[in-house]
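# Architecture at a glance
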Amino acid sequence: MVVMGGKEIIQLDDVNFYYGECRALSNISMKFVKNKVTALIGPSGCGKSTLLRVLNRMNDLIDGTKVEGKIFFEGKNIYAPDVDPVEIRRKIGMVFQKPNPFPKTIYNNISYGPKLAGLGVEDMDTLVEQSLRQAVLWDEVKNILNKSAMNLSGGQQQRLCIARALAMKPDVLLMDEPTSALDPISTAKIEELIEALKKDYTIIIVTHNMQQAARISDETAFFYMGNLIEYNKTEKIFTNPDMKQTEDYITGRFG
Amino acid sequence: MKWRYFKQSVFFSLVRASALIITLALGGIIFYIFYNGYSVISWDFITKPPTDSMTKGGIMPAIIGTIYLTLGAIAIGLPLGIASAVYLTEYARQGKVVRAIKIGINCLAGVPSVVFGLFGLGFFVIFLKFGSSILAGSLTLGFLILPTIIGASEEALKSVPQTFREASLSLGVSKWQTTYRIVLPNALSGILTGSILGIGRAAGETAPIMFTAAAFFTSKLPGSVFDEVMALPYHVYVLSTAGTNIEATRPIQFGTVLVLVAVVLGIDLIAIIIRGYMRRNKRW
Amino acid sequence: MNRRIKETVIKHAFFLFALVSVIVLGLIVLSLFREGLPVFKQVSLKDFVFGMEWYPTYDPPSFGIFPLIFGSFIVTLLATVIAVPLGVLAAIYISDITPRPAVRESLKSVIELLAGLPSVVLGFFGMVIVAPWLQETFDLPTGLNIINASVILAIMAIPTISSISEDALYSVPQEFKEASYALGATKFETITKVILPAALSGISTAVMLGMARAIGETMVVLMVAGGAAAIPESIFDSVRPMPASIAAEMGETPYGSSHYHALFAIGVVLFFLTLSFNLIADYVSHKFRQTGSATL
């Protein structure tokens, strides 16, 4: 068990994950620290995206998956039988690799979640503006809020998805390679806003791009073939890793 | 080398000839019906009931009857069909039960319309004691078109991108709300076009209503769902085969056929146009 | 908690709705058997299916439906022979030989509209336009016969055969076609030696489904096939396929009489016949899809 300094918000306790017969995650135990950005890195197929989806129970959507072990959030095991995944997802939000706005107006994209969750929002306009500001998109769309979100560029759409997730006021934001489908300028904008968000949110980001992990994260976890190899402060991982495998990956000896 | 190309041109001529034959068949049928029928069509024909043992007057009761039966079929087939499709695409887990349901739907789709008529007679008319009625006929027709509607709805639902569902669920929106607010609205146009074609079929079918709802002559318009009705397809059939005055009513037969064809093809054309419009204006 | 219960209830409600199709299918089988089985008190199954004399209104009645079965088969067979070449060639035209998109879309619309014509309209057309023409041209006592019914049934089957074949042809991988052309084959050769074999399972499915449609079709055979419940000797003779008997006679038959039960029994035979065609078509389409490309 690796422990960081700072309050932990999510704790994994000997977690195994199976797609049918195939074990995708093995004996994962780790704690995620509040208000920090944690990066999950590793080669393709190492399980980092799977781990992300385990945290908000999105894997429930796939037939034949099994979770062993416990995952504690706010003191409760989110996989306990009496836990409603819908509640979990309101507090642990997600941004996907490919931007996926709804074919609705920009405004309605943001208001969709809060409205249905019955969050009793008195001033939806304020919430929409607030979310868009946090996603650094407000200035670009403030005059076209009632136009379709499908007309935005890729980078704008992704920031819209971030704003949409933030509108639910989650505690944790999971990001699954959020910039891998975007151009460098949009990528830079999003990396900036992640840095600003960690004041209020805990961010766990999966990335293929090691330089990105080194740039924006406080902690980094390196995965390989479903195992957690090393988990430490980002600076340490990238300058002086403990495990040889980590070092091999960082230096590009295998990808 | 030339021989190869010669074979090819023979083949291509055959292919073109097939296309031509098929088009001529459709054209011929429509032409003859129109040519022999249009002189009978008039405002009175559509709005007045028949007189003089069907040799004169109009076919209004048959038009009304067809409308009622078709509406009844929609009322039964559409909600059931959409609900079944929603279950199969959004909620079902792969397994024996789901496969059994899909096989059942396929088998139902293959049941001949006259067997549906027998079913309607044995079950709705006699066993449930509805008698020959709009109710029995609508139920029979509704189940007849059910597989068509399920198929069209399933296709429409599947064409909604999975990423929309994922996005909605990840926001902490429940499955039903996701289905209701995101999936169904985006599948609606596909569901409608497919269903309209099924509805066109319901309007034109004869065998299912022969023993369950249709009557040769009703003296007044139906007052309740337990009444029998006249119907366009049945009217054509009876007038041309068993009426008392087949030759004299021949023009009326053509007129009725023309009206029926116009109604059914009209419904189909609406569906085709909507589908083309939806394709051009796809929102994602 | 409230919402979780609601979600579970909704899921189960939808499941029940989906079950309706299966339930209706079961009810159909039940109704057919319930009303049809009593006839076998009067006649054995063997005599029913293979008996040559269908005289249900005689006293004593004779319930042999073999002429009816034969009538069904003969018109279906002939209709298939006419419809398959036309339908498959049209599908080839649409999917592989298409000239301009306008022509392709028009042909597809023609076929779709043809599919939409109600069967009673086609029966009427056969009865009122084709029959007199046949009668005059071939000097026959009546134009209501096998050939008339087969042609009209073919018109009904062509859209089914054509659109399913079109799907099958369309899903032949582009790579096959490119490989063939790259080797210097003409379009005709590519179509006959590469594309058609690859699409064979889909086209067989199309043919089977077209046949199933023809066997079950009622109004056309009722109005056009002539109505003689006897084994024909030429294609200009009239026959009485199974659906026609049911539809023609049910109206006159007293409820509960043995004739009534016999008609339901014909319904049972018809049901299982079309069912087997559909199941075979299903089986063919699934089983041969995988091996189709490997056995080229």
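Note that the structure is predicted; figures quoted are calculated from it, not measured.

Time to look at the overall build of chain C. Per the secondary structure count, chain C includes 12 helices and two strands. In chain C, the succession of α and β elements from N to C terminus is α-α-β-β-α-α-α-α-α-α-α-α-α-α. Structurally, chain C occupies a C-alpha span of about 75 × 75 × 35 Å along its principal axes. When burial is assessed residue by residue, chain C has 47% of its 296 residues classed as buried. Counting only contacts in chain C whose residues sit at least 6 apart along the sequence, the fraction spanning at least 24 positions is 72%.

Glancing now at the overall build of chain B. Along chain B, the regular secondary structure elements total 11 helices and two strands. Reading the helices (α) and strands (β) of chain B from amino to carboxyl end gives α-α-β-β-α-α-α-α-α-α-α-α-α. Once the C-alpha set of chain B is aligned to its principal axes, its extents read approximately 70 × 70 × 35 Å. Here chain B holds 284 residues, and 52% of them are scored as buried. A sequence separation of at least 24 residues applies to 76% of the contacts in chain B between residues at least 6 apart.

Time to look at the sheet that holds strand β3 (residues 37–41) of chain A. Residues and elements named next belong to chain A. Here we have six strands laid out as an open sheet, ordered β6-β7-β8-β3-β9-β10, and mixed in their pairing. Since the sheet does not close on itself, it has two edges, and those belong to β6 (92–95) and β10 (227–233), each with one partner. The average angle at which neighbouring strand axes cross in this sheet is 20°, direction not considered. As paired elements, strand β9 (residues 219–224) and β10 share six bridges and run antiparallel to each other. In the sheet register, Phe222 faces β10, and the bridge partner there is Glu230.

Contacts between the two partners involve 22 residues from chain A, matched on the other side by 18 residues from chain B. For the side of chain A that touches chain B, the elements supplying multiple residues, two or more each, are α2 (85–91), β6, α3 (106–116) and α6 (154–166) of chain A. With four residues, α2(A) is the largest single contributor of residues to the side of chain A that touches chain B. Taken together, the residues that form the side of chain A that touches chain B break down as 12 nonpolar, four polar and six charged.

All names here are of chain B. Here helix α5 (residues 113–127) spans 20 Å end to end across 15 residues, near enough to the 21 Å set by a 1.5 Å rise per residue. With 13 of 15 residues buried, α5 is to be regarded as a mostly interior element. Within two residues after α5, Lys129 carries a phi angle of roughly 60°, on the positive side.

A few words on the nonpolar core. Within the largest apolar cluster, 252 residues are counted, with the highest numbers of intra-cluster contacts made by C:Ala90, C:Leu153, C:Val220 and C:Val224. Counting residues per element, this core draws most heavily on helix α6 (residues 146–170) of chain C, which supplies 15 residues.

This paragraph deals with the interface of chain C and chain B. Between chain C and chain B, the residue contacts involve 68 residues of the former and 68 residues of the latter. Sort the elements by how many residues they give to the side of chain C that touches chain B and helix α1 (residues 2–36) of chain C lands first, with 20 residues. In the side of chain C that touches chain B, the residues fall into 48 nonpolar, 11 polar and nine charged.

Direction vectors running N to C along helix α1 (residues 2–37) of chain B and helix α3 (residues 66–96) of chain C enclose 110°, while the axes themselves pass 8 Å from each other. Overall, the two elements α1(B) and α3(C) adopt an arrangement that is roughly perpendicular. Touching B:Leu14, B:Val15, B:Arg16, B:Ser18, B:Ala19, B:Ile21 and B:Ile22 of α1(B) are C:Pro85, C:Leu86, C:Leu89, C:Ala90, C:Ile92 and C:Tyr93, all from α3(C). For the contact of α1(B) with α3(C), the class distribution of residues is 11 nonpolar, one polar and one charged.

On to the sheet that holds strand β2 (residues 22–33) of chain A. Residues and elements named next belong to chain A. The four strands are arranged β2-β1-β4-β5 in an open sheet whose pairing can be described as antiparallel. Each edge of the sheet is formed by a strand with only one pairing partner; in this case those strands are β2 and β5 (76–77). Pairing of strand β4 (residues 65–73) with β5, which is carried by two bridges, proceeds in the antiparallel orientation. Counted as the bridge partner of Phe72 is Asn77 from β5.

What follows concerns the confidence of the model for chain C. Mean pLDDT over chain C works out to 88, with 96% of the residues at or above the 70 mark. The low-confidence segment residues 290–296 of chain C (pLDDT under 50) makes six contacts with residues lying over four places distant or belonging to another chain.

What follows concerns the pairing of β4(A). Residues and elements named next belong to chain A. Alignment of strand β1 (residues 8–19) against β4, held across eight bridges, turns out to be antiparallel. What sits directly across from Tyr18, in β4, is Lys66. In this structure, the hairpin formed by β4 and β5 is closed by a connection of two residues, where Glu74 is found at a positive phi of approximately 55°.

Turning next to α1(B). Taking 1.5 Å as the rise per residue, α1(B) with 36 residues should run 52 Å; its terminal C-alpha atoms sit 51 Å apart, in good agreement. Regarding α1(B), the residues found buried are B:Val15, B:Ser18, B:Ala19, B:Ile22, B:Ala25, B:Ile29, B:Ile33 and B:Gly37. Buried residues in α1(B) make contact with α11 (250–280) of chain B together with α3, α4 (101–116), α5 (119–138) and α6 of chain C.

Rules of the game
Residues numbered from 1 in each chain as written. Chains lettered and ligands numbered in written order. Predicted model: local features only at pLDDT ≥ 70, side-chain atom pairs only at ≥ 80, totals over all residues. Helix = DSSP H or I, 4+ residues; strand = E, 2+ residues; numbered from the N terminus. Buried ≥ 20, exposed ≤ 12 C-beta atoms within 10 Å, placed from the backbone. Contact = placed C-beta atoms within 7 Å. Pairing = 2+ DSSP bridges. Axes fitted to C-alpha atoms, helices over the stretch in contact; angles between N-to-C directions. Nonpolar A, V, L, I, M, F, W, Y, C, P; charged D, E, K, R; others polar. Expected span 1.5 Å × (residues − 1). Core = buried A, V, L, I, M, F, W, Y, C linked by C-beta atoms within 7 Å. Parallel < 35°, antiparallel > 145°, perpendicular 65-115°, else oblique. pLDDT = per-residue confidence, 0-100.

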